[in-house]
Amino acid sequence: MDEQKPVTCVMTYRGVNGFPKGIYEGTKRDVLVTGNIISPESEGGFNTVPVDVARRVYQEGKPMVGDFMQRIDEVIVYFGARGSIASLEAVEALPEPVQQNIKMVACDCGYQMKKQKARDLGASITWSECGGDRTLGRIVENLLR
Ligand SMILES: [Zn+2]
């Protein structure tokens, strides 16, 4: 195992298709996935995620992110509909150097607001379906190649 490989941290309060919470070893970099699959069934039939639920998911992911912080050089963060406030908070809680390389994956609910957030964060946006799990899954697959 090469300890020096950089790590991409994927932060989402939803899930990443094919990649449950954990660390994945790639050829050139490793990928840390910190989200949980929250199905509509598990959260009272709502297809959007309440902010407090999103906050809880990020809170639970924090120790993992801390463990790999020294190697994290980019962060991919999902911005959905209601939960995006928690995404922004989670990003703002990251150390300054890590905040320099944020990539947003966002559904187009609240399109203008998200474009503004991307400008504020100096982040690029990859537009995705609501939930972002399939798009994130493809991104992680590519990163591990
Ligand atoms: Zn959406």
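These numbers were taken from a predicted model, which means no experiment stands behind them.

Side note on helix α4 (residues 111-121)
Buried within α4 we find Lys114, Lys117 and Leu121. Projected down its long axis, α4 shows its buried positions confined to an angular sector of 55°, all on one face. Residues of α4 that are exposed and point over 90 degrees away from its buried face: Tyr111, Gln112, Gln116 and Arg119. Packed against the buried residues of α4 are β4 (72-79), α2 (84-92), β5 (102-107) and β6 (124-128). Positive backbone phi, approximately 65°, marks Gly122, located one or two places after α4.

Some remarks on the pairing of strand β1 (residues 7-11)
Most of β1 is tucked away, with five of its five residues classed as buried. Pairing analysis gives four bridges linking β1 to strand β3 (residues 30-33), with the strands arranged parallel. When the sheet's bridge partners are listed, Val10 is paired in β3 with Val33. Relative to β4, β1 runs parallel, the two sharing five bridges. Considered in β4, the bridge of Cys9 is made with Val75.

Here's the deal with the sheet that holds β4
Read across the sheet, six strands follow the order β2-β3-β1-β4-β5-β6 without closing on themselves; strand pairing throughout is mixed. Looking along the sheet, the strands with just one partner apiece sit at the ends: β2 (22-24) and β6. Ignoring which end each strand starts from, the neighbouring axes of this sheet average 20° apart. Alignment of β2 against β3, held across three bridges, turns out to be antiparallel. Opposite Tyr24, over in β3, you have Val31 as the bridge partner. The sheet contacts of α4 involve β4, β5 and β6, and relative to β5 the element is tilted by about 175°.

Some points on the packing of helix α1 (residues 51-68) against α2
Two elements in contact, α1 and α2, have axes separated by 8 Å at closest approach and are oriented at 30°. Where α1 crosses over α2, the two elements pack in a sense that is right-handed. Along the contact surface, α1 presents Val51, Ala54, Arg55 and Tyr58, while α2 presents Ile85, Ala86 and Ala90. When the residues that make up the contact of α1 with α2 are grouped by side-chain class, the tally is six nonpolar, no polar and one charged.

Cut-offs applied
- Residues take numbers from 1 onward in each chain, read along the sequence in its written order.
- Per-residue local features are limited, in this predicted model, to residues with pLDDT of at least 70; the limit for side-chain atom pairs, both in listing and counting, is 80 or more; totals at the level of whole chains, interfaces and linings are taken over all residues.
- Three exposure classes are used, all based on how many other C-beta atoms lie within 10 Å of a residue's own C-beta (placed from the backbone): buried at 20 or more, exposed at 12 or fewer, and partly exposed between those limits.
- Working definition: helices are DSSP H or I runs of at least four residues, strands are E runs of at least two. Numbering for both runs from the N terminus.
- Each C-beta atom gives one direction from the helix axis, and the arc is the one those directions make.
- Think of it this way: build a C-beta for each residue from its backbone, and any pair within 7 Å is a contact.
- Strand pairing follows a simple DSSP-based rule, namely that at least 2 bridges must link the two strands.
- With axes taken as lines fitted to C-alpha atoms, and helix axes fitted only over the stretch in contact, angles between N-to-C directions fall between 0 and 180 degrees.
- Note on convention: the crossing is left-handed when the near helix lies turned anticlockwise from the far helix by less than a right angle, right-handed when the turn is clockwise.
- Only Asp, Glu, Lys and Arg are considered charged, only Ala, Val, Leu, Ile, Met, Phe, Trp, Tyr, Cys and Pro nonpolar, and every remaining residue, Gly among them, polar.

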